[in-house]
Amino acid sequence: MNTVSWTASVGSAANRLGLVCAQARGMAQATVTVSTVSIGGLAATKIRSDEWNTGTEYLRTEQWYVVNPGTGSDTITITWAGRPSSYGVGTFLSLSGVDPVAPIDAQGGGAGIGTTVSAVVTTVADKAWIVDCALTKQSLGLTVGAGQTQRMNRIIGSGLDGMGVSTVNGKTPAGTETMDWTSLSDNFAISAVSLKPAL
């Protein structure tokens, strides 16, 4: 199976944005590459992806969004190009007060091997929200970095990998922010985006 679906609640506040974090590990690139994401039946737009390739194994994080998703209970669906040979996981955040015309303020990412799973984002807009999407092949999981609000932290998959989502809430003044998690040294990938607030 190359699709996961779940339902999530979306509030009725103005200038909503639905943000999906997709995390996958597999033995071929197609098994970790997302082909489509939908939120409440609306096709999502891809922000970025970050991937670590060991030659025999792939770890990949992706972020996708929908402006003004429907309120109430929405079904979120992630479809990968192939069936993830280890796992495919998704997390959804419902945000409000985001610029509906140009919501993406800045972005960054990283991939590699190490104890620090990190991505650098240099925000442009004052009070932008930063959201990350982290994955490590490490059974002890992830510890969220200082100054970040943990939104999801779990261990899953046959390799008991660590996955996390966190935010920096309204960075001011604008500038460089390192979104980081720590773990034991192993393969990792992380994607991060800052969202421009509505005027």
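Position numbers for residues count from 1 along each chain, tracking the sequence in the order it is written. Reporting in this predicted model follows two pLDDT cut-offs: at least 70 for local features of residues, and 80 or more for side-chain atom pairs to be given and counted; totals over whole chains, interfaces and linings ignore these cut-offs and use all residues. By convention in this description, side-chain values take in all heavy atoms of the structure and omit both hydrogens and water.

A. Highlighting the overall build of the chain. Under the scheme used here, helices are H or I runs from DSSP no shorter than 4 residues and strands are E runs no shorter than 2 residues, and both carry numbers assigned from the N terminus. For the chain, the helix and strand inventory stands at zero helices and 14 strands. Here the radius of gyration uses the C-alpha set of atoms, whereas the globule reference equals 2.2 Å times the residue count to the power 0.38. Expected size for 199 residues packed as a compact globule is a radius of gyration near 16 Å; at 16 Å, the chain falls within 12% of this value. Taken along its principal axes, the extent of the C-alpha atoms in the chain is 45 × 35 × 20 Å. The buried share of the chain, reckoned over its 199 residues, is 51%. Here, two residues are considered to be in contact whenever any of their heavy atoms come within 4.5 Å of each other. In the chain, 79% of the contacts between residues at least 6 apart in sequence involve partners at least 24 apart. Where accessible areas are quoted, they stem from the Shrake-Rupley method and a 1.4 Å probe; at the residue level, only the protein chains shown are allowed to cover. Carbon and sulfur atoms make up 52% of the accessible area of the chain, which amounts to about 8,100 Å² in all. Burial classes: relative accessible area under 20% of the type maximum marks a residue as buried, over 50% as exposed, and values in between as partly exposed (1.4 Å probe, protein chains only).

B. Local environment of the nonpolar core. To qualify as a nonpolar core, a set must consist of buried Ala, Val, Leu, Ile, Met, Phe, Trp, Tyr and Cys residues joined through side-chain atoms within 4.5 Å. Residues L17, L19, V131, M163, V165, V193 and L195 are the most contacted members of the largest nonpolar core, which totals 19 residues. Mapped by element, the contributors of at least two residues to this core are β2 (17-26), β6 (58-67), β8 (87-95), β10 (128-136), β13 (161-171) and β14 (176-195). Counting residues per element, this core draws most heavily on β8, which supplies four residues. Setting aside residues no more than four positions away along its own chain, L19 makes contact with I39, I47, W64, Y65, T91, F92, L93, V131 and V193.

C. Representation of the sheet that holds strand β7 (residues 72-80) in the model. Strand pairing is defined by DSSP finding a minimum of two bridges between the two strands. Strand order in the open sheet made by the four strands is β1-β7-β3-β4, with antiparallel pairing throughout. The strands lining the two open edges of the sheet, one partner per strand, are β1 (3-10) and β4 (42-43).

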